[in-house]
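Notes for the structure review
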Amino acid sequence: MELKILKLLAFRSDVNWNWYNLDRAMAMRNMEGIGNVAQLVRGLSEAGLVDVIPRAPAGMDHYKVSERGHQLLQELEHQNLPHVDTPDWVP
């Protein structure tokens, strides 16, 4: 589930992702984890894969894939592992 979130954040880097619009995007794609976005992103942040950028008002922080997160996605893409295939909604 976290990997799909990471891919979504990377795929739409033009979006100022926060918990609300990430949760909505996940719902539109029928992804698991809806309602737990902040907790899931916190885990990605603690792993160094996502940067959390504080914004006002409180609780509307923005998320973006870190350099380490981009490196991980590139490594997984080159390995061509079946369990990390790009979701259908990514062109």
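Quick summary incoming for the structure in this document. (Residues numbered from 1 in each chain as written. Predicted model: local features only at pLDDT ≥ 70, side-chain atom pairs only at ≥ 80, totals over all residues. Heavy atoms only, no water.)

When their charged atoms lie close together, side chains carrying opposite charge are able to pair. Enumeration according to the criterion identifies one salt bridge in this entry. For the salt bridge of Asp14 with Arg12, the shortest nitrogen-to-oxygen distance reads 3.0 Å. (Salt bridge = Lys/Arg side-chain N within 4 Å of Asp/Glu carboxyl O.)

This brings us to the environment of Arg42. As for its placement among the helices and strands, Arg42 is situated in helix H3 (residues 37-46). Each C-alpha atom of the pair Arg42 and Val52 lies 8.4 Å from the other, and the pair is ten residues apart in sequence. (Helix = DSSP H or I, 4+ residues; strand = E, 2+ residues; numbered from the N terminus.)

Another point: H3. Among the residues of H3, those classed as buried are Val37, Leu40, Val41 and Leu44. Down the axis of H3, the buried set is contained in an arc of 95°. They therefore lie on one face. Opposite the buried face of H3, at more than 90 degrees from it, the exposed residues are Gln39 and Glu46. Each element contacted by the buried residues of H3 is listed here: helix H1 (2-11), helix H2 (19-28), strand S1 (50-53) and strand S2 (62-65). In the segment just after H3, Gly48 is the residue with positive phi, at about 80°. (Buried < 20%, exposed > 50% of the residue type's maximum accessible area, 1.4 Å probe, protein only. Arc of directions from axis to C-beta. Contact = heavy atoms within 4.5 Å.)

In the segment running from Ala56 into Pro57, the intervening peptide bond is cis, with an omega of 0°. Relative to the elements of secondary structure, Pro57 occurs in the loop between S1 and S2.

When two helices pack together, you describe them by how their axes are tilted relative to each other and by the distance separating the axes. In the contact formed by H1 and helix H4 (residues 67-79), the axes pass within 11 Å of each other and the chain directions differ by 110°. As judged from the angle between their axes, H1 and H4 are roughly perpendicular. Listed contacts from H4 to Leu3, Leu6, Lys7 and Ala10 of H1 are Gly69, His70, Leu72, Leu73 and Leu76. Taken together, the residues of the contact of H1 with H4 break down into six nonpolar, two polar and one charged. (Axes fitted to C-alpha atoms, helices over the stretch in contact; angles between N-to-C directions. Parallel < 35°, antiparallel > 145°, perpendicular 65-115°, else oblique. Nonpolar A, V, L, I, M, F, W, Y, C, P; charged D, E, K, R; others polar.)

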